[in-house]
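Examination of the molecular architecture
Here is how the chains run, residue by residue.
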Amino acid sequence: MRELRNQNVLVVGLGKTGQSVLPVLLRLGARVQAADSRAAPPGLDALRERYPAVQWYLGPFEPALFAAQDLIVASPGLAQSDPAFAQARAVGVPVIGDIELFAWLAKAPVVGITGSNGKSTVTTLVGEMAQKAGLRAGVGGNLGTPALDLLPADGGEPDLYILELSSFQLELVDSFRPRVAAVLNLSEDHMDRYNGFADYVAAKARIFARMGAGDTLVLNANDAPTRALAAQVPAGVDLVYFGRQAPHGLGHVRVLDEGFGEQLCIDGAAGTTQMVLPLSALRMVGEHNVENAMAALAIAFAAGIPAAAAAAALREFAGLPHRMIRVTELNGVTYYNDSKGTNVGATLKALSGLPGPVVAILGGDCKGADFTPLRAAVVAQARAVVLLGRDAPRLEAALAGLVPMRHARSMEEAVQLAAELAKPGDQVLLSPACASLDMFQDYAERGRVFTEAVLRLANGRQAWSS
């Protein structure tokens, strides 16, 4: 199917990913059709004008249309359980995603990064490390720029591609073979789409299914489900581990304290260990960001990026927006925006990364998650919890009897309640353990609304106290 000239190809889904697929297929000479379940997807008129050769099908998917194709390229957000996809597969029509199409076309080495949490931070960090080393890197995928938009139209490839990859994207790969792959951690997420945790892990494991001799897989030594993936790794693939308790081995990254404070270290040849950076030099906040730094350093080693360049990037990187960002301090209480904490695993890491009592703002769309793992962290770290959003009742049931809980009808009210519950020396943490779409456009809007509410509160109190 890699020769697409004069082939009938259907692009399903006209979001950002689908829009990145259209020009690539047209350049390859395919006869392109496009389908979207929405009657009027955003930007449709501009797409019609830009791609007059494309045939458009809007509204409920038609199985007959899908079955009549030579190839289907589906957007990752679409569940493959839809009967139209099943009908296509039943008659032998291949269904792929944008990452598989990218794999057919990319010539430069690929670094692929997946996991339940930290993907965007680590992907961005590795991109910064590559830049410090003087390499031309195409950075994107599930983060920012779609992978296909990274391909140069003139054929001039970058030195490497660095891609964040979601489980949804990995469901639709077959021949994709990164030179370096990383699985950062694994915890329940998207349980409304998968048939249990094992099904979700299997989707993530597709990142290394086609790897072989000369390739390197980076795994989290301290995360049991991730470490267990080592048993599935194809023969010939090198393993590199990161984590505070990572074993000693070439490229492994650990934290050591030999009397000079805790240091990020990387194991070199002949049993040597190189001190790369003191943890005190990191600008990122929280233990989970120490883990992200270790992951990025291990990936950089596997990709041939010098440790000096990696250290320079780590010294400068302050973190991504809405990922454990300190907003302000007010009346002795520090406020943190971790709106990107969209699943239980992310929120556990955020809670454990703060030193003192926490008033946590939780809630939203839980995506079928089990909130039980939050109980121990709430007992250990939280003074109180403010509940928000559609699945607040489920959180309340899971955390019943542990700490005081209050319900808020808006983010502004949640911030006000958190401020009333917090005491000097506490932290107020927005890390919802849920998706945002029940109340907001996305996690970024949720984080912005939180930040604005905190700053309004701060300005109001400062004005009142003066």
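Each chain has its residues counted from 1, running along the sequence as written. Since the coordinates come from a predicted model, pLDDT governs what is reported: local features require at least 70, and pairs of side-chain atoms require 80 or more to be given and counted, while whole-chain, interface and lining totals use all residues. Here the side-chain values reflect all heavy atoms present in the structure, with hydrogen atoms and water set aside.

Brief notes about the pattern of salt bridges
What counts as a salt bridge is simple: a side-chain nitrogen of Lys or Arg found within 4 Å of a carboxyl oxygen of Asp or Glu. Inspection of every chain in the model, using the stated rule, returns 17 salt bridges. Measuring nitrogen to oxygen at the nearest pair gives 2.9 Å for the salt bridge that ties lysine 132 to glutamate 316. Of the two residues, lysine 132 is situated in helix 6 (residues 119–132) and glutamate 316 in helix 11 (residues 307–316); the sequence distance between them amounts to 184 residues. With a shortest N-O distance of 3.8 Å, aspartate 159 and arginine 136 are connected by a salt bridge. A residue pair is termed long-range when its members are at least 10 positions apart, and aspartate 159 in the loop between strand 7 (137–141) and strand 8 (160–164) and arginine 136 in the loop between helix 6 and strand 7 qualify at 23 residues. What makes aspartate 159 partly exposed here is its relative accessible area of 35%. Three labels apply to residues, based on accessible area from a 1.4 Å probe with only protein chains included: buried if under 20% of the type maximum, exposed if over 50%, partly exposed otherwise in between. Overall, the relative accessible area of 48% leaves arginine 136 in the partly exposed class. Through salt bridges with shared partners, a single ionic network connects Arg244, Glu262 and Glu287. Here a strand is any run of E in DSSP of at least two residues, a helix any run of H or I of at least four, and the numbering for each starts at the N terminus.

Some remarks on the nonpolar core
Of all hydrophobic cores here, the largest spans 52 residues; its most connected members are Leu22, Leu25, Trp56, Leu101 and Phe102. Whether two residues touch is decided by their heavy atoms; if any such pair falls within 4.5 Å, the residues are in contact. Setting aside anything within four residues of it in sequence, one finds leucine 25 in contact with Leu4, Val9, Val11, Ala30, Val32, Val73 and Leu101. Ala182, Met284, Ala313 and Leu320 belong to the second-largest nonpolar core, a separate cluster that totals 44 residues. Residues grouped as a nonpolar core are buried Ala, Val, Leu, Ile, Met, Phe, Trp, Tyr and Cys residues, joined through side-chain atoms within 4.5 Å.

Brief notes about the side chain of serine 75
Following the sequence through the fold, serine 75 ends up in the loop between strand 4 (71–74) and helix 4 (83–90). Classification of serine 75 by relative accessible area gives buried; the value is 11%. In protein, a polar contact means a hydrogen-donor-capable atom and an acceptor-capable atom, both N or O and within 3.5 Å, with residues adjacent in sequence counting only if both atoms are side-chain atoms; elsewhere, any N or O pair within 3.5 Å suffices. Here the side chain of serine 75 touches glycine 13 through a polar contact of 3.3 Å, landing on its backbone oxygen. Dropping the residues within four chain positions of it, serine 75 is found in contact with Val12, Gly13, Thr17 and Gly18.

Topic: the pairing of strand 14 (residues 273–278)
For strand 13 (residues 262–267) and strand 14, the ladder comprises five bridges, and the chain directions are antiparallel. Bridging across to strand 14, isoleucine 266 finds its partner in glutamine 274. Counted between consecutive antiparallel strands, the loop separating strand 13 from strand 14 contains five residues, among which alanine 270 sits at a positive phi close to 55°. DSSP bridges decide pairing: two strands pair if at least two such bridges lie between them.

Observations concerning the environment of leucine 229
Its place among the elements puts leucine 229 in the loop between helix 9 (224–227) and strand 11 (238–242). With residues up to four places along the chain from it excluded, the contact list for leucine 229 reads Val183, Leu186, Val201, Ala205 and Phe208.

Observations regarding the confidence of the model for the protein
Atom-level detail of predicted coordinates should not be read off regions where pLDDT is low. A residue's pLDDT is simply how confident the predictor is in it, with values from 0 to 100. Here the protein averages 94 in pLDDT, while 98% of its residues score no lower than 70. Across residues 462–466, confidence stays below pLDDT 50; counting only partners more than four residues off in sequence or on other chains, it has zero contacts.

Notes on unusual backbone geometry
The phi torsion of most residues other than glycine is negative, and most of the peptide bonds are trans. The phi torsion at histidine 322 lies on the positive side, around 70°, for a residue other than glycine. Tracing the backbone through its elements, the reader meets histidine 322 in the loop between helix 11 and strand 15 (325–330). The class of histidine 322 is buried, set by a relative accessible area of 11%. Positive phi outside glycine occurs at lysine 367, with the angle close to 55°. When you line up the elements, lysine 367 lands in the loop between strand 17 (358–362) and helix 13 (374–381). Exposure remark for lysine 367: the relative accessible area of 9% places this residue in the buried category.

Regarding the side chain of threonine 347
Mapped onto the elements, threonine 347 comes out in helix 12 (residues 344–352). Setting aside residues no more than four positions away along its own chain, threonine 347 makes contact with Gly341, Leu362, Leu374, Ser431, Pro432 and Ala433.

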